[in-house]
Amino acid sequence: MKKTMKFLTALLLVNMAVTLPSRANTPVHINSTALANLQWQDVSFSEKATTNLSEQQKQAFTVPFAGVESPIAAYRIPANQGTLEVEIISPIEDKSAFVPSAVVLDSNFNVAATYPSSEFKFQEERGMQPNRFAAELNLTPAASQGYIYLLIYTTQQDLAKTTMIPHPAKLYAKGTGHQPPALNDIEVKHSLNGQIIVNVTNANGTRFIGMPTNIFSSSDKKAAQPVGAAPAPVPTANVATSKAVNVPVDKDTEAYFNQAITKALKAGDVNKAMNLVNEAEKLGLTSPRQTFLKQVSSK
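Quantities reported herein were computed from a predicted structural model and do not represent experimental measurements.

Colleague: Help me get a handle on the packing of aromatic side chains, residues and values and all.
Modeller: To describe a pair of aromatic rings, you give the distance between the ring centres and the angle between the ring planes. Per the counting criterion, the structure on display carries 7 aromatic pairs. Aromatic pair Phe65 and Tyr153: ring centres 5.1 Å apart, planes at 80 degrees, arrangement edge-to-face. Here Tyr153 lies in strand E13 (residues 147-153) and Phe65 lies in helix H2 (residues 63-66), a separation of 88 residues in the sequence. Just as Phe65 is buried, Tyr153 falls in that class too. On the numbers, 4.5 Å between centres and 40 degrees between planes, the contact of Phe109 with Tyr149 is tilted. Taken together, the residues span a long stretch of sequence, with Phe109 in the loop between strand E9 (101-105) and strand E10 (111-115) and Tyr149 in strand E13 at a distance of 40 residues. What makes Phe109 buried here is its relative accessible area of 16%. Using a relative accessible area of 9% as the deciding quantity, one classes Tyr149 as buried.

Given below as structure tokens:
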């Protein structure tokens with residue numbers, strides 16, 4: 001199950017000195033003039049904001065607290081909506097990873113909270129989600145603030161490290177309920193290049209515990225009918241149901257998939273081989289998956 005760290009922070013502090021991870025014992029103030037001159041990206045509620053980062057975007061003002069000129073992702077978030085949930089994701093791509101640290105600032109650019117890289121947990125690839133570092137912040141801005149600010153960067157300390165990620169063949173085997181092959185994990189270098197995805201949602205929803213579940217329900221159980229819309233058709237007992245048609249696949253097609261998977265794995269293209277397995281299984285073939293697992297286990 002996906003486990004995401006949640007943090008509750010009241011953004012009430014001003015002129016606060018913060019101890020950052022790269023300077024464990026030295027209080028550091030971020031230059032407010034530099035912050036005021038940044039181009040802050042507005043983040044709308046329930047809409048993902050994506051920022052691509054590269055070493056060509058390095059910022060000199062990050063050196064005092066990050067130990068390195070780091071590219072940054074800078075976001076401006078509305079602060080008049082009550083408690084906020086801010087999800088931050090850094091996907092791992094091209095065998096490199098941007099390991100984030102984050103600072104939350106109040107409306108006057110005073111540091112109110114810091115989140116070192118240790119708060120961003122590694123999460124394995126699952127479904128459409130790639131391998132990634134992720135954290136979820138739960139923030140309660142003080143009243144009378146129009147906006148708060150989120151600054152994301154990486155540190156010299158994190159750039160000196162690497163992260164081990166599972167081999168794609170292991171993930172595929174786990175996803176299909178099979179024993180993962182004995183393959184080494186892949187070492188990923190930490191980098192100034194990467195991507196940050198931020199999603200801000202409102203966390204004002206309340207669940208009442210110990211109250212009748214129908215206390216807010218209408219006693220009228222009739223479904224609402226849109227005004228001016230045609231009434232929904234009444235289902236009849238003679239409605240035909242569609243059935244999937246299983247078409248036999250000839251041996252030549254099955255042999256093609258097995259050969260193509262073997263060829264892709266010999267070329268080191270694991271992703272192509274996995275895609276071929278998926279396509280074969282859509283046709284009802286089972287041997288291509290066995291071919292895939294046999295090939296990766298023998299390496």
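Colleague: An account of helix H4 (residues 168-175) is requested, with residue identities and associated values reported.
Modeller: Listed as buried for H4 are Ala169, Lys170, Leu171, Tyr172 and Ala173. In the core, the buried residues of H4 are packed alongside helix H6 (270-282) and helix H7 (287-297). Taken from the residues just after H4, Gly177 is the one with a positive phi, measuring 75 degrees.

Colleague: Describe H6, listing the residues and the values that go with them.
Modeller: Over its 13 residues, H6 extends 19 Å from the first C-alpha to the last, a length consistent with the 18 Å expected when each residue adds 1.5 Å. Within H6 the residues assigned to the buried category are Val270, Ala273, Met274, Leu276, Val277 and Ala280. The arc that holds every buried residue of H6, seen down its axis, measures 155 degrees, which confines them to one face. Exposed side chains of H6 directed beyond 90 degrees from the buried face belong to Asn271 and Lys282. Where H6 is buried, its residues meet H4, helix H5 (251-266) and H7. Of the residues flanking the end of H6, it is Gly284, one or two places downstream, whose phi is positive at about 90 degrees.

Colleague: Give me the lowdown on unusual backbone geometry, citing residues and values where you can.
Modeller: The phi angle at Ser46 is positive, at roughly 60 degrees, despite the residue not being glycine. Owing to a relative accessible area of 56%, Ser46 belongs among the exposed residues under this scheme. The residue Phe109 is not glycine, and still its phi comes out positive at about 65 degrees.

Colleague: Explain the sheet that holds E10 residue by residue, including any values.
Modeller: Strand pairs in the sheet, formed through backbone hydrogen bonds, run parallel or antiparallel to each other. Across the sheet, 5 strands lie side by side as E4-E6-E13-E9-E10; this open sheet has mixed pairing. Of all the strands in the sheet, the pair left with one neighbour each is strand E4 (41-42) and E10. Bridge count for E9 against E10 is 4 bridges, and the pairing is antiparallel. Paired with Val104 across the strands is Ala113, a residue of E10.

The rules behind these values
Residues numbered from 1 in each chain as written. Predicted model: local features only at pLDDT ≥ 70, side-chain atom pairs only at ≥ 80, totals over all residues. Heavy atoms only, no water. Phe/Tyr/Trp six-rings, centres within 6.5 Å; stacked < 30°, edge-to-face > 60°. Helix = DSSP H or I, 4+ residues; strand = E, 2+ residues; numbered from the N terminus. Buried < 20%, exposed > 50% of the residue type's maximum accessible area, 1.4 Å probe, protein only. Contact = heavy atoms within 4.5 Å. Expected span 1.5 Å × (residues − 1). Arc of directions from axis to C-beta. Pairing = 2+ DSSP bridges.

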